[in-house]
Amino acid sequence: MDMTAANLGLKPALLIKESLMQGESKHAHKNDVDHIVYKAQAGEEYAFVQLYEYFYDRIFRYVMFKTGDRNEAEDITTEVFLRMLESIGSFKFQGYPFSSWLFRIAHNLIVDYFRKKSRRKIVPLEEASTVAENSVVEIDNRIDAGRAAAEVYSAMDGLTDLQKEVMSLRFAAGLSVKETAEAVGKKENAVKALQHAAIKKLRSLLDVSPKKDARMVTPNTG
Amino acid sequence: MNQEERLAEIVDQCVERMASGETVMACIADYPEHQKELESFLKVVATTMYAASARPNPEAKIHGLWRLNEALSVRKSRGSGLFGRVLRGAPSITRPLVAGLTVALVLYGIVLGADRAAADSVPGEPLYWIKMSTENLSLMVPKSDSSKAHQHAHLAKLRSTETLRLVRMGRLSEAEKHAVMIRIHLGRSAQLIGITMSMNPIEMPVRRIKRTPDSEISRLKDLLARDWEYANNVLNTQLHLMPGEQKEVIRYLMRRQELGYRMFIAMLDRTSVPTGPPFWVIQPHHHSTPPN
């Protein structure tokens, strides 16, 4: 994986922030969401539209990250909200957030998708470049970024299902540790441990380890 | 907490900070004792975040919203019939009566199991006759003229949705013909309220021939205003997604809908009929001015 520290350290983080924050507030306004959910359950049509606007991008990123197929991700994302409409009456405020419930719907639809497909699609390098272009405003070294994204998609196959789920919810959907814990039915400490194990595994699969990092190599001055 | 757990905690904190826009280097700088390990971990985090940051296609998002709106319309029409109102408003004392209706409802449900599938159908599709039959049955159920007027207003909105679907399917001439049903339902609604609708209010002034309570008039007016705004917004959204020929049909439909809804609302308000586009301005003695 050929990514410079400048690329990794500077632009992606800022642009990811822009991508995540655009049109939404990450982790914030939980009470606002709860209020909108109440209104939707009471039958207010506009509340459904508000929930759609609030969650669409995050659901899409989550589904896209898990399926690697843009067309399918768009269809599945829409289907998530149609299912939300049908079953929102069954959602109960029992201490866990609405987002966890919604991402559970998305997860189930993805499971159905893979059952039908019976394979995980690996994003080809050309498509990964398109993913990169669509996901950032401007970045240097697009080809390297696209290759890195494709390598991540491929390396995710080396994780357990639970590790993949945690990574998808934390990194793609932008859920907090608490929300992720509720969504996967685990304790917060377990989520952190799963996340750490997944990152460690990806590190070895992507061949990024401290001893192999070029910056750590002492230059030969002799 | 052992070393591994401590590292996991630090990585998680850095994940949160990076998601908020901080750089890898800023996070590493706060934990110099873990620099080597942290750098490799956070490179993976940054790359994964990057790979996971795809933005949705705006057109796909709009299309999804359109599908959600359609589903909302269908959901609303399912709950607007006589039985839906009875269930929602029934006090507990009437529950034995409701239970007694269950047998009839099972039969109703079998028939309407097909209706559920037909809810999204449009003219020309095999299940559309089921949808029409259900609507006609519903119209035959005894109810007040005011309730029927509301029902026809709602059916006008359903016809509008069907018309849009025909446009999206490329069946343009059918869409234009089907759009006439919107005006028919609005006209029927007006009749039930007791208003004679006229496209030539100068020579045929609007008359209200039935005494309908102002509260009912007000409710219907609010419903029509909401339905027109909703239909207009949906059509406007679709206008930007359609190719050239379909754009013209959408614009035509928007003008026709505006004509029907605004005339009706103006007549309910007993205000002057609008004279701007898309309405005719008729000069009684000399000539007629074509629409803009």
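Let us look at the structure shown here. (Residues numbered from 1 in each chain as written. Chains lettered and ligands numbered in written order. Predicted model: local features only at pLDDT ≥ 70, side-chain atom pairs only at ≥ 80, totals over all residues. Heavy atoms only, no water.)

## Topic: the overall build of chain A
Part 1: Within chain A, the regular secondary structure consists of 11 helices and 0 strands.
Part 2: Listing each helix as α and each strand as β along chain A from the N terminus yields α-α-α-α-α-α-α-α-α-α-α.
Part 3: Split into buried and exposed, the 222 residues of chain A put 53% on the buried side.
Part 4: Across chain A, every contact between residues at least 6 apart in sequence was considered, and the portion connecting residues at least 24 apart equals 67%.
Part 5: Roughly 10,200 Å² of accessible area belongs to chain A as shown, and the carbon and sulfur atoms make up 50% of that amount. (Helix = DSSP H or I, 4+ residues; strand = E, 2+ residues; numbered from the N terminus. Buried < 20%, exposed > 50% of the residue type's maximum accessible area, 1.4 Å probe, protein only. Contact = heavy atoms within 4.5 Å. Areas by Shrake-Rupley, 256 points an atom, 1.4 Å probe, with all protein chains shown as cover.)

## Considerations on the overall build of chain B
Part 1: Within chain B, the regular secondary structure consists of 13 helices and 2 strands.
Part 2: In chain B, buried positions account for 45% of the 292 residues.
Part 3: Contacts in chain B between residues far apart in sequence, at least 24 positions, make up 61% of those at least 6 positions apart.
Part 4: Summed over all atoms, the accessible surface of chain B reaches about 15,200 Å², with 58% contributed by carbon and sulfur.

## Digging into the packing of aromatic side chains
Part 1: Here the structure, examined in full by the defined rule, presents 13 aromatic pairs over all chains.
Part 2: Seen from their ring centres, A:Phe91 and A:Trp101 are 5.4 Å apart, and the 50° between their planes marks the pair as tilted. One end of the pair, A:Phe91, is in the loop between helix H5 (70-87) and helix H6 (98-117); the other, A:Trp101, is in helix H6, with 10 residues separating them in the sequence.
Part 3: A:Phe91 gets classed as buried once you look at its relative accessible area, which sits at 3%.
Part 4: Judged by its relative accessible area of 13%, A:Trp101 falls in the buried class.
Part 5: Taken together, A:Tyr38, A:Tyr54, A:Phe55, A:Phe91, A:Phe93, A:Phe98 and A:Trp101 form an aromatic cluster joined through their ring pairs.
Part 6: The lysine or arginine in question, A:Arg203, covers the ring of B:Phe41, its NZ or CZ lying 4.4 Å from the ring centre. (Phe/Tyr/Trp six-rings, centres within 6.5 Å; stacked < 30°, edge-to-face > 60°. Lys NZ or Arg CZ within 6 Å of the ring centre and 35° of its normal.)

## Describing the pattern of salt bridges
Part 1: A complete count under the given rule lists 19 salt bridges over all chains for this structure.
Part 2: The closest approach of N and O atoms between B:Asp30 and B:Arg17, which form a salt bridge, is 2.6 Å. Of this pair, B:Asp30 sits in the loop between helix H2 (24-29) and helix H3 (35-51) while B:Arg17 sits in helix H1 (residues 3-19), and the two are 13 residues apart along the sequence.
Part 3: Judged by its relative accessible area of 44%, B:Asp30 falls in the partly exposed class.
Part 4: Each of A:Glu79, A:Arg83 and B:Arg67 takes part in salt bridges that share partners, so that together they form one network. (Salt bridge = Lys/Arg side-chain N within 4 Å of Asp/Glu carboxyl O.)

## Some details on the nonpolar core
The nonpolar side chains of a soluble globular protein tend to be buried with one another.
Residue and element names in this part refer to chain A.
Part 1: Of all hydrophobic cores here, the largest spans 84 residues; its most connected members are Leu51, Phe98 and Leu102.
Part 2: Looking at this core, the element that brings in the most residues is helix H4 (residues 45-67), giving 14 residues.
Part 3: Apart from residues no more than four positions distant in its own chain, Leu102 is found in contact with Phe55, Ile59, Val80, Phe81 and Met84. (Core = buried A, V, L, I, M, F, W, Y, C linked by side-chain atoms within 4.5 Å.)

## Focus on the side chain of A:Thr180
Part 1: In this structure, A:Thr180 sits in helix H10 (residues 177-184).
Part 2: Contact partners of A:Thr180, with chain neighbours within four places excluded, come to A:Val166, A:Leu169, A:Arg170, A:Leu175 and A:Val191.

## Topic: the state of the cysteines
Residue and element names in this part refer to chain B.
Part 1: On inspection of all chains with the given rule, the structure shows 1 disulfide over all chains.
Part 2: Shown here is the disulfide that connects Cys14 with Cys27, its sulfur atoms set 2.0 Å apart. As the torsion about the S-S bond is roughly -100°, the Cys14-Cys27 disulfide counts as left-handed. Of this pair, Cys14 sits in helix H1 while Cys27 sits in helix H2; the two residues are 13 residues apart in sequence, bridging distant segments of the chain. (Disulfide = S-S within 2.5 Å.)

## Side note on the packing of H1(B) against H3(B)
Residues and elements named next belong to chain B.
Part 1: Contact pair H1 / H3: the axes reach a minimum separation of 10 Å and the direction vectors enclose 40°. Classified by the angle between their axes, H1 and H3 sit oblique to one another. Helix-helix and strand crossings are classified by hand; for H1 and H3 the assignment is right-handed. Packed against H1, whose contacting residues are Leu7, Ile10, Val11, Cys14, Val15, Met18 and Ala19, the element H3 presents Glu37, Leu38, Phe41, Leu42, Val45, Ala46 and Met49 at the interface.
Part 2: Its residues placed into classes, the contact of H1 with H3 shows 13 nonpolar, no polar and 1 charged. (Axes fitted to C-alpha atoms, helices over the stretch in contact; angles between N-to-C directions. Parallel < 35°, antiparallel > 145°, perpendicular 65-115°, else oblique. Left-handed = near helix turned anticlockwise from the far one by under 90°. Nonpolar A, V, L, I, M, F, W, Y, C, P; charged D, E, K, R; others polar.)

## Side note on empty space enclosed by the protein
Residues and elements named next belong to chain B.
Part 1: With the rule as written, the count across this model stands at 5 cavities of 30 Å³ or more.
Part 2: The calculated volume of the largest cavity comes to roughly 110 Å³.
Part 3: Along its surface, the largest cavity is lined by Trp66, Asn69, Glu70, Ser73, Lys157, Ser160, Thr161, Leu164, Tyr230, Ala231, Val234 and Leu235.
Part 4: Of all elements in the fold, only helix H4 (58-78), helix H9 (145-168) and helix H12 (214-241) reach the threshold of two or more residues within the lining of the largest cavity.
Part 5: Looking at the lining of the largest cavity residue by residue, the classes come out as 6 nonpolar, 4 polar and 2 charged.
Part 6: If you add up the space inside the second largest cavity, you get close to 40 Å³.
Part 7: Lining the second largest cavity, in full, are Ser160, Thr163, Leu164, Ala179, Ile182, Leu235, Leu253, Arg256 and Gln257.
Part 8: Going through the elements one at a time, H9 and helix H13 (244-269) are the ones with two or more residues in the lining of the second largest cavity. (1 Å grid on protein atoms, 1.4 Å probe; cavity = no way out; pocket = protein on both sides within 12 Å on 5 of 7 lines; lining within 4 Å. Points joined across faces, edges and corners; volume = space filled by probe spheres on them.)

Bear in mind that shape data such as this cannot, by itself, settle questions of function.
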